[in-house]
Amino acid sequence: MRESWRWFGPDDPVSLDDVRQAGAREVVTALHQVPIGEAWTVAEVEERKRIIESGPRSRLDWTVVESIPIPDDVKRTGGVATRSIAAWIASLEALAACGIRIVCYNFMPVVDWCRTDLEWELPNGARAMRFDLARFAAFELHILQRPGAERDFDAATRARAKAVYEAMTEDDVAALVTNIASALPGSTTEPLTIPAFRDKLAAYRDVDAAVLRRHLVEFLQAVTPRAEALGVTLTLHPDDPPRPLFGLPRVASSGDDYAALFDAVPSPANGMCYCTGSLGAGPANDLPAIARRFGPRIAFAHLRATRREADGSFYESDHLDGEVDMVAVLKVLLAEDRARTADRKIVFRSDHGHRMLDDLRPTKRTNPGYTAIGRLRGLAELRGVIRALEAG
Ligand code: DNO
C-alpha cells in the first residue's frame, strides 16, 4: 500500500519536509482556498502540484484530493443542482489534466465531521478530540434550541445535558459553538453562526434519509460517467460520526449504506474512502468485514481508531489501541492490495493524531487532529504492523 500524508497547503504548520521525514511518499491535499461550488482551474491545480513536487528535496507526489466539497444545493436537491454538478465535474477535469486521479468527498449535510472537544486531556497529558454526547445534547437542546431535539435524547441524557449547560460559562458556550459549528480542518461545509445553523436546518426539513440517499445517487449518476472517462476514482468518505446529527439524516454510516450506493451506481469510478475512525465510532460496524465486503472499491484509506463509550460518546485513541482491530483490518487491506496492479494500489494515510510532546507547547500552532508528532506516531505504528504482516 502507498503511504500518504494530508497537507493543508502552504499555511499548514506541518511542512512538506516534515512529511518527507515522516516517511510518506504521497501528499493528500485540496485547494481549500477555492470557495465551495467554484470550479478548480488547471492553473490552480498546477500551482499546488508545483509546490509539492518541485524543489531539491526528496520527491513527493500529489496523488489524492481530499476533498472537493459537495455544495449544499446538491445535498438538498440532488441532480437538479446542475450548475453545482457541472462545476464539480470541471474540477475533476482540471485534476485529471494534471494526473491526479483519486478524489475524496463526503455527503454529510450542513456539518462535515463533528466533535465537541478538540483538546480533551488524556491521562498521559496528550490532547485528543472527543465527541461527548451530553455536551452535544447541551448544544442541541440549550444553545441551538433545535425544535424536536428532545426526542433524540433519552431522559437521562437530557438531564445530563441540562447540568452540563448550567455549569457552562459564556466562554464555554462560545468554545462549544466554535467546535461544532465553525468547521474543523478540511471540513467541506461552511462555518455557521447559530442563526445560520437554524436556517440551514429549516432548508432540510423535507430531506429524510431516503431523499438524501436519492440525491447522492443522482449526484453519482451525473458525475461517474465523466470520472470514468477521465480515469478518476471517487472515494466517498463515511459520516463522522456515523449517525444522524441535528435531526439530519446521514447515508454513509454503515456497510449497508455503501452497498446501497454501489448497487444503485455500479460504475468503477464509484469508490470508497475506508475510514476506520469514522466507521469504527459506530458500534455495529465490523471493520474487517466492511473491508472484505468492499475491498475492490477501496482506493483510499484513513487509518485511525476511537474508544467508544456506552452512551455513544467517543474519543480519538492511539492508532493501535482503539476499538478497531487494526491488525485484522490491515491483513484484509494488504490481501486486497496484493491482488492489484501497480497503478491501482491502495493509498492510505495515518489519520488524526493526538497533540503531544513538543506539539503541546502553547506557542505551537496545530490543526486539531492534524498534528505532526501524533500522526507520525500513528504512521510509524501502522508501518510497523504492515512490515510485520508482509514479512509473515
Ligand atoms: C476529518 C476528515 C474529513 C474528511 C472529509 C472528506 O478529519 O476525515 O474532513 O476529509 O469529510 O470529504
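Residues numbered from 1 in each chain as written. Predicted model: local features only at pLDDT ≥ 70, side-chain atom pairs only at ≥ 80, totals over all residues. Heavy atoms only, no water.

A word on the confidence of the model for the protein chain
Convention followed: Looking at any residue, its pLDDT shows the predictor's confidence there, from 0 to 100. Strands here are runs of E lasting at least two residues and helices are runs of H or I lasting at least four, both read from the DSSP assignment and numbered beginning at the N terminus.
Per-residue confidence for the protein chain gives a mean pLDDT of 97; residues scoring 70 or more make up 100%. Looking at the elements of the protein chain, mean pLDDT is at its lowest for helix α1 (residues 16–22), recorded as 97, and at its highest for strand β7 (residues 233–236), recorded as 99.

Here's the deal with the state of the cysteines
Inclusion rule: Whenever a pair of cysteine sulfur atoms sits within 2.5 Å, that pair is classed as a disulfide. Throughout this description, buried means an accessible area under 20% of the type-specific maximum (1.4 Å probe, protein chains only), exposed means over 50%, and partly exposed covers the range between.
Enumeration according to the criterion identifies 0 disulfides in this entry. Distance from the sulfur of Cys 273, which forms no disulfide, to the nearest cysteine sulfur (Cys 104) is 4.0 Å. On the basis of relative accessibility, which here comes to 0%, the residue Cys 273 falls in the buried class.

Topic: the nonpolar core
Applied cut-off: Here, nonpolar core means buried Ala, Val, Leu, Ile, Met, Phe, Trp, Tyr and Cys residues that are tied together by side-chain atoms lying within 4.5 Å of each other. Domain borders in the structure are assigned automatically or taken from a domain database. When checking whether two residues touch, look at their non-hydrogen atoms; a contact exists if any pair is within 4.5 Å.
Phe 197, Phe 219, Phe 246 and Tyr 274 are the most contacted members of the largest nonpolar core, which has 111 residues in total. Ranked by residue count, the leading element in this core is helix α9 (residues 209–230), at 9 residues. The two domains that each donate at least three residues to this core are domain 1 (2–114 + 205–308 + 319–391) and domain 2 (117–198). Contacts of Tyr 274, omitting those with residues within four sequence positions, involve Leu 279, Leu 287, Pro 288, Ile 290, Ala 291, Ile 298, Phe 300, Ala 301, His 302, Val 329 and Leu 333.

Considering the domain arrangement of the protein chain
You'll often see interface size given as the accessible area lost when the parts meet. Condition: Salt bridge, as used here: a side-chain nitrogen of Lys or Arg that lies within 4 Å of a carboxyl oxygen of Asp or Glu. In protein, a polar contact requires one atom able to donate a hydrogen and another able to accept it; more generally it is a pair of N or O atoms within 3.5 Å, and residues adjacent in sequence count only if both atoms are side-chain atoms. In the scheme used here, Gly and all other residues not listed as nonpolar or charged are polar, with Ala, Val, Leu, Ile, Met, Phe, Trp, Tyr, Cys and Pro taken as nonpolar and Asp, Glu, Lys and Arg as charged.
Here the protein chain is partitioned into domain 1 (2–114 + 205–308 + 319–391) and domain 2 (117–198). Computed from C-alpha coordinates alone, the two centres of domain 1 and domain 2 are separated by 25 Å. Counting residues at the interface gives 28 residues for domain 1, matched by 26 residues for domain 2. Ionic pairing is found between Glu 119 and Arg 355, a salt bridge with its closest N-O pair at 3.0 Å. Applying the counting criterion to the domain 1 and domain 2 interface returns 7 residue pairs in polar contact (both at pLDDT 80 or more). Across the side of domain 1 that touches domain 2, the residue classes break down as 15 nonpolar, 8 polar and 5 charged.

Observations regarding the sheet that holds strand β5 (residues 117–121)
Our working definition: We treat two strands as partners when DSSP finds at least two bridges between them. Lines are fitted to the C-alpha atoms to define the axes, a helix being fitted only along its stretch in contact, and any angle between axes, read from their N-to-C directions, falls within 0 to 180 degrees.
The sheet built from 4 strands is open, its strands ordered β5-β6-β11-β10 with antiparallel pairing. The two strands at the open ends of the sheet, each matched to only one other strand, are β5 and β10 (305–308). Within the sheet, the average angular offset between the axes of one strand and its neighbour, ignoring direction, is 40°. Relative to strand β6 (residues 127–131), β5 is paired through 3 bridges, and the arrangement is antiparallel. Residue pairing across strands places Glu 121 opposite Arg 127, the latter belonging to β6.

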